[in-house]
Amino acid sequence: MDYKMLINGRLVAGERMLDVINPATEEVFARVPHATEAHLDEAVAAAAAAQKIWSRTTMAERRAVIEDLAAAIRANADDLARTITMEQGKPLPEAAGEVEWSQGYLLHTSTLQLPDRIIQDDAQFRIETRHKPLGVVGAIVAWNFPLLLACWKIGPALMAGNAIILKPAPTTPVTTLKLGEICARILPAGLVNILTDNNDLGPKMTTHPGIAKIGFTGSSQTGKRIMASAADTMKRVTLEMGGNDPTIVLPDVDVRATAEKVYGGAFFNAGQVCLAIKRAYVHDAIYDDFCDALADIARAAVVDDGLKQGTTVGPIQNKAQFEKVKGYLEDARTSGRIIAGGELRTGKGYFISPTIVRDVTDGQRIVDEEQFGPILPVIRFSDVKDVIARANASEYGLGGSVHSADLDKATEIAGQIDSGTIWVNQQLNIGPHIPMAGFKGSGLGVEQSVEGLAEYTQMQVLNVARG
């Protein structure tokens with residue numbers, strides 16, 4: 001089936017079409033337009049015109065529109081979930097969860113406020129801060145959560161009074177274009193525009209003089225290029241990028257229960273989550289038992305097409321990432337011992353079984369780099385001070401976790417980890433009310449919550465003399 005882009009409230013075809021592959025079958029299931037620079041210019045002009053009107057609306061008016069969008073997503077939930085599974089690969093229940101999360105994030109974002117703040121109010125001066133819209137926002141999102149990431153950008157952009165141009169990943173554009181069909185029925189023309197490409201439109205967006213901000217979710221390498229190319233036009237940027245998230249497991253835990261948590265935090269969405277556990281540091285006293293427990297859980301996974309009932313782990317989303325993860329598998333075979341998984345399924349589809357690798361250590365590629373796939377290296381430690389230093393010895397700092405029966409001790413250790421989010425005795429507890437930020441190479445700025453909404457505005461200080 002062929003799909004169209006959204007520009008100025010109209011569904012627009014392209015001169016060329018791009019194939020979209022189902023990663024479970026390696027078959028083309030849809031075609032989408034290849035946007036040109038002329039399409040981008042048209043979208044920027046439409047967004048700028050729409051934003052001038054939208055910026056004059058009240059927060060209550062904006063909230064009502066966002067609520068309508070969330071309701072329309074809910075009404076189309078089954079179709080959107082099935083589409084997510086077909087283009088992204090995740091099991092259908094996870095895809096349904098993504099649709100539900102998308103609604104929830106929009107609804108919560110619609111309740112946020114950025115009130116004026118009075119700094120001084122006396123006989124001499126009234127000084128206050130205000131939040132002004134930036135104008136046109138360009139959003140570039142990754143392929144692991146195509147609908148959720150789109151809503152993460154649309155919600156705060158619109159609530160802050162901006163218009164937005166959204167570019168989904170070339171391998172997962174269909175869900176976003178279906179969202180565009182919904183937007184065309186509900187939103188003012190030009191407020192949301194959606195363009196699809198073959199990874200060639202991003203540089204034009206990041207240098208376009210009509211775009212005031214880039215909101216990006218994706219790899220650290222791409223994020224660095226965006227930051228550099230946005231400099232000439234002094235664009236604001238919010239970059240939510242990669243991670244090599246550690247978990248530290250102390251010897252006083254319930255081994256099986258904690259292994260279940262760690263497995264879930266590592267292999268959700270086939271490990272294709274920026275905040276997933278990428279390396280597990282387990283105390284020497286329980287190392288063998290913990291590895292065995294992880295291996296038992298991994299062997300029970302059902303790896304198959306996400307549309308099939310009972311599937312718990314779907315395919316890697318695209319061929320390029322599949323080849324990259326295969327390279328990490330080869331490294332795991334030589335640098336450690338694979339005790340579960342490691343198999344490549346014969347036939348069609350980018351499938352890799354959940355893989356547990358033991359007897360590895362820092363300095364090896366499988367530990368030091370972000371795998372972004374269903375592989376978990378398990379590293380032995382005996383000294384807490386040492387393991388904190390090892391956990392922090394990374395160019396990344398997005399997330400991490402500590403597990404212990406001693407809550408105070410775990411919390412103390414967690415506070416010493418250089419990451420934007422640290423969980424204690426849990427994994428992947430995120431929400432629209434919780435700020436998300438990264439240390440070091442994992443990002444710049446904040447997503448979610450009031451702090452995330454403020455990223456879509458420019459602060460203005462109004463300083464009035466009364467004397």
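Please read all numbers here as calculations on a predicted model, not as lab measurements.

The rules behind each value
- Residues numbered from 1 in each chain as written.
- Predicted model: local features only at pLDDT ≥ 70, side-chain atom pairs only at ≥ 80, totals over all residues.
- Heavy atoms only, no water.
- Buried < 20%, exposed > 50% of the residue type's maximum accessible area, 1.4 Å probe, protein only.
- Helix = DSSP H or I, 4+ residues; strand = E, 2+ residues; numbered from the N terminus.
- Arc of directions from axis to C-beta.
- Contact = heavy atoms within 4.5 Å.
- Expected span 1.5 Å × (residues − 1).
- Axes fitted to C-alpha atoms, helices over the stretch in contact; angles between N-to-C directions.
- Parallel < 35°, antiparallel > 145°, perpendicular 65-115°, else oblique.
- Left-handed = near helix turned anticlockwise from the far one by under 90°.
- Nonpolar A, V, L, I, M, F, W, Y, C, P; charged D, E, K, R; others polar.
- Core = buried A, V, L, I, M, F, W, Y, C linked by side-chain atoms within 4.5 Å.
- Polar contact = N/O pair within 3.5 Å; in protein donor to acceptor, adjacent residues only side chain to side chain.
- Pairing = 2+ DSSP bridges.
- Lys, Arg positive; Asp, Glu negative; His and termini not counted.
- Salt bridge = Lys/Arg side-chain N within 4 Å of Asp/Glu carboxyl O.
- Patch = residues over 30% accessible without salt bridge, like charges linked within 9 Å, V, L, I, M, F, W, Y side chains within 5 Å.
- Areas by Shrake-Rupley, 256 points an atom, 1.4 Å probe, with all protein chains shown as cover.
- Charge placed at Lys NZ, Arg CZ, Asp CG, Glu CD.
- Phe/Tyr/Trp six-rings, centres within 6.5 Å; stacked < 30°, edge-to-face > 60°.
- Lys NZ or Arg CZ within 6 Å of the ring centre and 35° of its normal.

Undergrad: I keep staring at helix α8 (residues 220-229) and nothing clicks. Help me out?
TA: One turn of the α-helix equals 3.6 residues, which is why residues spaced by three or four share an orientation. Among the residues of α8, those classed as buried are S220, G223 and I226. Across the axial projection of α8, the buried residues extend over an arc of 115°, all falling on one side. Exposed and oriented more than 90 degrees from the buried face of α8 are R225 and A228. Contact partners of the buried residues in α8: β7 (136-140), α7 (202-207), β10 (213-217), β11 (236-240) and β17 (396-397).

Undergrad: Would you explain unusual backbone geometry in this entry?
TA: For residues that are not glycine, phi is negative in most cases, and the peptide bond is trans in most cases. For M234, which is not glycine, the phi torsion reads 50° and is therefore positive. Summarising the element assignment, M234 is placed in the loop between α8 and β11. The exposed category is assigned to M234, whose relative accessible area is 59%. At F372, a position not held by glycine, the phi torsion is positive, near 50°. Summarising the element assignment, F372 is placed in the loop between α12 (365-368) and β16 (375-381).

Undergrad: Would you explain helix α4 (residues 92-109) in this entry?
TA: Between its terminal C-alpha atoms α4 stretches 26 Å, which fits the 26 Å expected from 18 residues at 1.5 Å a residue. For α4, every residue scored as buried is listed here: E94, A95, G97, E98, V99, S102, Q103, Y105, L106 and T109. The inward-facing, buried residues of α4 contact α2 (59-75), α3 (77-88) and α5 (146-159).

Undergrad: I keep staring at the packing of α3 against α4 and nothing clicks. Help me out?
TA: The geometry of α3 relative to α4 is characterised by a closest axis approach of 8 Å and an angle of 125° between their N-to-C directions. As judged from the angle between their axes, α3 and α4 are oblique. The way α3 lies across α4 gives a crossing that is right-handed. Of α4, the residues touching α3 (which contributes A77, L80, A81, R82, I84 and T85) are L92, A95, A96, E98, V99 and Q103. Tallied by class, the residues present in the contact of α3 with α4 amount to eight nonpolar, two polar and two charged.

Undergrad: It is not clear to me how the nonpolar core should be interpreted in this structure. Could you clarify?
TA: Within soluble globular proteins, side chains that are nonpolar generally end up buried alongside one another. Membership of the largest hydrophobic core comes to 83 residues, with the highest contact counts inside it found for I73, L158, I165, V192 and L195. Sort the elements by how many residues they give to this core and α5 lands first, with 10 residues. If we skip the residues at most four places from it in the chain, V192 touches L6, I154, L158, I164, C183 and L187. One finds A24, Y263, I277 and L294 within the second-largest nonpolar core, a separate group that totals 30 residues.

Undergrad: Would you take a moment to explain the side chain of R358 for this structure?
TA: Looking at the element boundaries, R358 is found in strand β15 (residues 355-360). Judged by relative accessible area, R358 falls into the buried class, the value being 8%. At a separation of 3.1 Å, a polar atom in the side chain of R358 contacts the side chain of D359. Apart from the residues within four sequence positions on either side, R358 is in contact with Y287, D288, C291, G336, R337, I339, V378 and R380.

Undergrad: When you look at the packing of helix α9 (residues 255-267) against helix α10 (residues 287-299) in this model, what are you seeing that I'm missing?
TA: When two helices pack together, their arrangement is given by the angle between the helix axes and the distance between those axes. Following both chains from N to C, one finds α9 and α10 inclined at 55°, their axes separated by 9 Å at the closest point. When the interaxial angle is binned, α9 and α10 end up oblique. In this structure, α9 meets α10 at a crossing whose hand is right-handed. When α9 is examined against α10, the residues V255, R256, T258, A259, E260, V262 and Y263 are found in contact with a partner set consisting of D289, F290, A293, L294, D296, I297 and A298. A per-class count over the contact of α9 with α10 returns nine nonpolar, one polar and four charged.

Undergrad: Can you help me understand the sheet that holds β16 in this one?
TA: The strands making up a sheet are joined through hydrogen bonds of the backbone, oriented either antiparallel or parallel. Within the open sheet, the seven strands sit side by side as β14-β15-β16-β13-β12-β18-β19. Their pairing is mixed. Both edges of this open sheet fall to β14 (337-340) and β19 (421-424), since each of them pairs with a single strand only. The mean angle between the axes of side-by-side strands here comes to 25°, regardless of whether they run parallel or antiparallel. Examined bridge by bridge, strand β13 (residues 277-283) and β16 share four bridges and lie parallel to one another. In the sheet register, V282 faces β16, and the bridge partner there is R380.

Undergrad: Whenever I open this one, the side chain of E94 confuses me. Can you help?
TA: By the secondary structure assignment, E94 is in helix α4. The buried charged residue E94 lacks any salt bridge, with K90 as its nearest oppositely charged partner at 5.7 Å. Those residues in contact with E94 that lie beyond four places of it in its chain are F268, N269 and T312.

Undergrad: Would you mind showing me how to read the pairing of strand β4 (residues 27-33) here?
TA: With six bridges joining them, strand β3 (residues 17-22) and β4 adopt antiparallel strand pairing. Looking at the pairing, M17 lines up with P33 of β4. Between β3 and β4, which pair antiparallel one after the other, the connecting turn spans four residues, and E26 there sits at a positive phi close to 60°.

Undergrad: Just checking my understanding: could you explain a negative patch on the surface for this structure?
TA: On the surface, D252, D406, D408 and E412 cluster together to form a negatively charged patch. For D252, the position within the fold is in the loop between β12 (245-249) and α9.

Undergrad: Help me understand the sheet that holds strand β24 (residues 457-465) in this model?
TA: Here three strands make up an open sheet; going across it, the order is β5-β6-β24 and the pairing antiparallel. Looking at the sheet topology across the chains shown, the edges are occupied by β5 (117-121) and β24. Sheet twist, expressed as the average angle between the axes of neighbouring strands with direction ignored, equals 20°. Both strand β6 (residues 125-133) and β24 contribute to a ladder of nine bridges, which runs antiparallel. Bridged to F125 within β24 is A465.

Undergrad: Would you explain the packing of aromatic side chains in this entry?
TA: For any pair of aromatic rings, geometry is given as the distance between the ring centres together with the angle between the planes. In the structure shown here, the tally under the stated rule is seven aromatic pairs. An aromatic cluster of at least three residues, connected via ring pairs, comprises W101, F145 and F268. The ring of Y456 has K213 sitting right over it, with the charged end atom 4.7 Å from the ring centre. The ring of F351 has R345 sitting right over it, with the charged end atom 3.9 Å from the ring centre.

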